[in-house]
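# Observations on the three-dimensional arrangement
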Amino acid sequence: MQVFTGTLFARIEFKNRSRIGLALSVLAGMALTCGVARAEFAQSDLASASATGEVVESEYDRLTREGAECVVASEWVLAFKTLNAAIELEPDRPEAYYTYGRAHQLRGEYPAAERAFRKLLEIEPELAEAWYSLAKLMVVKGELNKAVEYNRNAIDFADPKNWRYYTFLGELYAEMELKASAEQAFDDAAKLLRELIEPLQLAITDITGEVDVYEISQESIFVPNMYTQEIEEFPSVRYQYQSRSAPEEMVDRLARLEAELAAVEARKAEVLAWMESG
């Protein structure tokens, strides 16, 4: 399940050639992706079904959920208390560590956030989103080489491949003034987006190309027979033809992806123009 919403593009202030702009934009991206972190762990057993078919939330899951809700509400004391209780209850599960690390990130408590993410990676070493979060932390610390390394780990472990990781990589390479690498990363992001867009476009075209037929009325027509002059009755049915519409969520998703592709291409052009001018 993909739950991390909102654009995570780092917006570098190139005319100042400053890492501060990248760091601040990374922090802004963190705030967009905190609230439902635990749902990213698709393989976690977050709930069990009872004999009656009702979903029963475990104590760990309840604490983790409530901790995430407290983070969204900026209720920090209660958030850390609740998440710590979840970690103490089941220290080998990853969900609470992730939200715990996010909470420290949002508060600017980077050493604590880093410890949480590294502990998380001890439990789930191939968790792409944890590597991605750690990469953003390295940007804040000014360690761009490590940020690239950790972001590449996120790319390697992401399934399916996440185009956002490539856009972030492009930003990192641009800040390091590696033009060819930055261009390639943005191109990879655009390619992944097109691979998502094209099937959606085809599906929407197929749906809207179909026509539904509805019977709207049935009546009789009386016509004189040209030979006998007797009045004959003929049944007449009127039909309405209506083209089908694609589901709204499908159309909305296509619009979002197309907007993201346009943003990636615009950002690539902006970055390359700056690098060529410098």
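Heads up: these notes are all about the structure in this document. Nothing here was measured: the structure is a model prediction, and the numbers come from that model. (Residues numbered from 1 in each chain as written. Predicted model: local features only at pLDDT ≥ 70, side-chain atom pairs only at ≥ 80, totals over all residues. Heavy atoms only, no water.)

## A look at the overall build of the protein chain
Just so we agree on the cut-off: Secondary structure is summarised from DSSP: a helix means a run of H or I of at least four residues, a strand means a run of E of at least two, and numbering begins at the N terminus for each. The buried label goes to any residue with under 20% of its type's maximum accessible area, the exposed label to any with over 50%, and the partly exposed label to all in between, with areas taken from a 1.4 Å probe on protein chains only. Pairs of residues are marked as contacts when any of their non-hydrogen atoms sit within 4.5 Å. Using a 1.4 Å probe, accessible areas were evaluated by the Shrake-Rupley method; residue-level cover was limited to the displayed protein chains.
Counting its secondary structure elements, the protein chain contains ten helices and four strands. Along the protein chain, from the amino end to the carboxyl end, the secondary structure elements read α-β-β-α-α-α-α-α-α-α-α-β-β-α. Here the protein chain, with 278 residues, has 42% of them falling under the buried criterion. Within the protein chain, contacts between residues separated by at least 24 positions form 62% of all contacts whose residues are at least 6 apart in sequence. When the accessible surface of the protein chain is totalled, it reaches about 15,300 Å², and 52% of it is carbon and sulfur.

## As for the packing of helix H6 (residues 128-140) against helix H7 (residues 144-157)
Our working rule: Note on definitions: angles span 0 to 180 degrees between N-to-C directions of axes, and those axes are lines fitted to C-alpha atoms, for helices only across the stretch in contact. Note on terminology: angles under 35 degrees are roughly parallel, angles over 145 are roughly antiparallel, angles of 65 to 115 are roughly perpendicular, and the others are oblique. Each crossing is labelled by how the near helix is turned from the far one, with a counterclockwise turn of less than a right angle marking it left-handed and a clockwise turn marking it right-handed.
Axis separation between H6 and H7 bottoms out at 8 Å; the angle between their running directions is 165°. On the basis of their axis angle, the class for H6 and H7 is roughly antiparallel. The way H6 lies across H7 gives a crossing that is left-handed. Together, Ala128, Trp131, Tyr132, Leu134, Ala135, Met138 and Val139 of H6 and Leu144, Lys146, Ala147, Tyr150, Asn151, Asn153, Ala154 and Phe157 of H7 make up the contact between the two elements.

## Observations regarding unusual backbone geometry
Unlike most non-glycine residues, Ser74 shows phi in positive territory, near 60°. Residue position: Ser74 is located in the loop between helix H2 (59-72) and helix H3 (76-89). Unusually for a residue other than glycine, Glu177 sits at a positive phi of about 60°.

## Topic: the side chain of Asp61
Heads up, the rule is: Polar contact criterion, stated in full: a pair of N or O atoms within 3.5 Å, where within protein one must be able to donate a hydrogen and the other to accept it, and residues adjacent in sequence count only if both atoms are side-chain atoms.
Locating Asp61 in the fold gives a position in helix H2. Classification of Asp61 as buried rests on a relative accessible area of 1%. Here the side chain of Asp61 touches Ser58 through a polar contact of 2.7 Å, side chain to side chain.

## Quick look at the environment of Ile123
For Ile123, the position within the fold is in helix H5 (residues 110-123). Beyond its immediate sequence surroundings of up to four residues, Ile123 is in contact with Pro91, Asp92, Arg93, Pro94 and Tyr97.

## Looking at H5
To keep it simple, the criterion reads: A helix is expected to span 1.5 Å multiplied by its residue count minus one.
The first and last C-alpha atoms of H5 sit 20 Å apart over 14 residues, in line with the 20 Å expected at 1.5 Å per residue. For H5, the set of buried residues is Ala112, Ala113, Glu114, Ala116, Phe117, Leu120 and Leu121.

## Describing the packing of H6 against helix H8 (residues 163-175)
We apply this condition: Residue polarity is assigned by list, with Asp, Glu, Lys and Arg as charged and Ala, Val, Leu, Ile, Met, Phe, Trp, Tyr, Cys and Pro as nonpolar; anything else, Gly included, falls into the polar class.
Two numbers describe how H6 lies on H8: the axes approach to 12 Å, and their chain directions differ by 20°. By the angle between their axes, H6 is roughly parallel relative to H8. Where H6 crosses over H8, the two elements pack in a sense that is left-handed. Of H8, the residues touching H6 (which contributes Ala128, Glu129, Tyr132, Ala135, Lys136 and Val139) are Arg164, Tyr165, Phe168 and Leu172. A class-by-class count of the residues in the contact of H6 with H8 yields seven nonpolar, no polar and three charged.

## Description of the pattern of salt bridges
Here is the rule: Salt bridges are identified by distance alone: a Lys or Arg side-chain nitrogen within 4 Å of an Asp or Glu carboxyl oxygen.
According to the stated counting rule, one finds 21 salt bridges in the structure shown. Across the pair Glu143 and Lys146 runs a salt bridge, and its minimum N-O distance is 3.6 Å. Residue Glu143 is classed as partly exposed on the basis of its relative accessible area, which comes to 28%. The partner of Glu265 in a salt bridge is Arg194, and the shortest N-O contact between them spans 2.4 Å. In this pair, Glu265 sits in helix H10 (residues 248-277) while Arg194 sits in helix H9 (residues 179-208), placing the two residues 71 residues apart along the sequence. Relative accessible area serves as the criterion here: at 36%, Glu265 is assigned to the partly exposed category. A single network of salt bridges, built from pairs that share partners, joins Glu57, Glu59, Arg62, Arg65, Glu66 and Glu69.

## Quick notes on the nonpolar core
Stated formally: Residues belong to one nonpolar core when they are buried, are Ala, Val, Leu, Ile, Met, Phe, Trp, Tyr or Cys, and are joined through side-chain atoms within 4.5 Å.
Judged by nonpolar contacts, the single largest core of 63 residues is most densely connected at Phe117, Leu120, Leu134, Tyr165, Leu172 and Val264. With ten residues, the top contributor of residues to this core is H9. Residues contacting Tyr165, with those up to four places away along its chain left out, are Ala128, Glu129, Tyr132, Asn151, Ala154, Ile155 and Ala158.

## Thoughts on the packing of aromatic side chains
Selection rule: Planes of paired rings set the category: under 30 degrees apart is stacked, over 60 is edge-to-face and the rest tilted, where pairs are Phe, Tyr or Trp rings (Trp by its six-membered ring) whose centres lie within 6.5 Å.
Summed over all chains, the structure comprises five aromatic pairs. Taken together, a centroid distance of 5.5 Å and an interplanar angle of 45° make the contact between Trp131 and Tyr150 tilted. Of the two residues, Trp131 is situated in helix H6 and Tyr150 in helix H7; the sequence distance between them amounts to 19 residues. Owing to a relative accessible area of 8%, Tyr150 belongs among the buried residues under this scheme. Seen in terms of ring centroids, Tyr132 and Tyr165 are 4.6 Å apart; in terms of plane orientation they differ by 50°. Their pairing is tilted. Of this pair, Tyr132 sits in helix H6 while Tyr165 sits in helix H8, placing them 33 residues apart in sequence. The residues Tyr132 and Tyr165 share a single accessibility class, namely buried. Among the aromatic side chains, those forming a connected cluster through ring pairs are Tyr132, Tyr165 and Phe168.

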